[in-house]
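Listed below are the residues making up each chain.
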Amino acid sequence: MERLRRIVSHAVTCIAGMQLICLCAPASAAQLQLGQQPELFVQSGHTAVTVSAVAFSSNLQWLASGGSDGQVILWNVPAGLEVRTLAGHKETISVVALSADGCYVASAGVDKKVLLHDAKTGRVVKELDAGNQPVDALVVSNDGSTLVWGEGNTVEVWNSRNPKPPYRVATLPGRVTALAFSNNGAAIVAGTETGLAEIVSVVDHKPALSLPGHIGEITSIAFSDDGTRIVTGSFDKTVRID
């Protein structure tokens, strides 16, 4: 039981229709005492039938949610309160992402737009055209300067320090279904519907290493904090650590 308490997440979010349910431990999972119950917040800030996407900031202070109403809502997790609504999309939100500190919120929708918002002001920092392919994966760098998204079977990048339009860093054998940034921002890892994962160098703008192994679509992917390991989860009912 002690081991279980230590590995339980500090906060867990799930979607139930148009309600957002957030389960929060009082301080950290390691401090949760035997028999102590986490606090449950049920939020219903969306007017949509469906809450379609959620994401935490790395510090677990902020949560973004997107719905079929085209709205992105920013929440303060410790307080369990809605902070502001971020406008710009006209159709269902397919995916949301936050910078590590929660200062920037990225989102993509069925309207083929990729938006980056300043979370403090609600202002749209950048609006990008996602083309004609669906966007199922999106990630923002820790400092909010770089957006990466999967556009069909390609990985696209926009960098605020580069005046050029978004550029393509990889074309993969199947639709991009999951993305993650390394903590140092030097690499991206992309998972696909074919079960293949690919590490892409942000510096060289090209694939660096392929990670085969799954036989089903990759649904989630992450770097370890030190960037030396990658974990993937798949519809094939396996978790791989490379």
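Located above this text is the structure these notes cover.
A brief report on the enclosed structure follows. (Residues numbered from 1 in each chain as written. Predicted model: local features only at pLDDT ≥ 70, side-chain atom pairs only at ≥ 80, totals over all residues. Heavy atoms only, no water.)

A closer look at the sheet that holds strand β19 (residues 206–211)
One open sheet holds the four strands; their spatial order is β16-β17-β18-β19, and the pairing between them is antiparallel. Looking at strand neighbours, the two that pair on one side only are β16 (176–181) and β19, the edges of this open sheet. Here the average twist between neighbouring strands, direction ignored, is 25°. Two strands pair when backbone bridges link them, and strand β18 (residues 197–201) and β19 are joined in this way by five bridges, in the antiparallel orientation. Its bridge partner lying in β19, Ser201 is registered against Lys206. (Pairing = 2+ DSSP bridges. Helix = DSSP H or I, 4+ residues; strand = E, 2+ residues; numbered from the N terminus. Axes fitted to C-alpha atoms, helices over the stretch in contact; angles between N-to-C directions.)

What about unusual backbone geometry?
Positive phi values are uncommon outside glycine, yet Leu60 reaches one of about 60°. Within the element layout of this structure, Leu60 appears in the loop between β4 (51–56) and β5 (62–67). By relative accessible area, which is 22% here, Leu60 ends up partly exposed. For Lys237, which is not glycine, the phi torsion reads 70° and is therefore positive. With respect to the helices and strands, Lys237 occurs in the loop between β21 (230–234) and β22 (239–241). (Buried < 20%, exposed > 50% of the residue type's maximum accessible area, 1.4 Å probe, protein only.)

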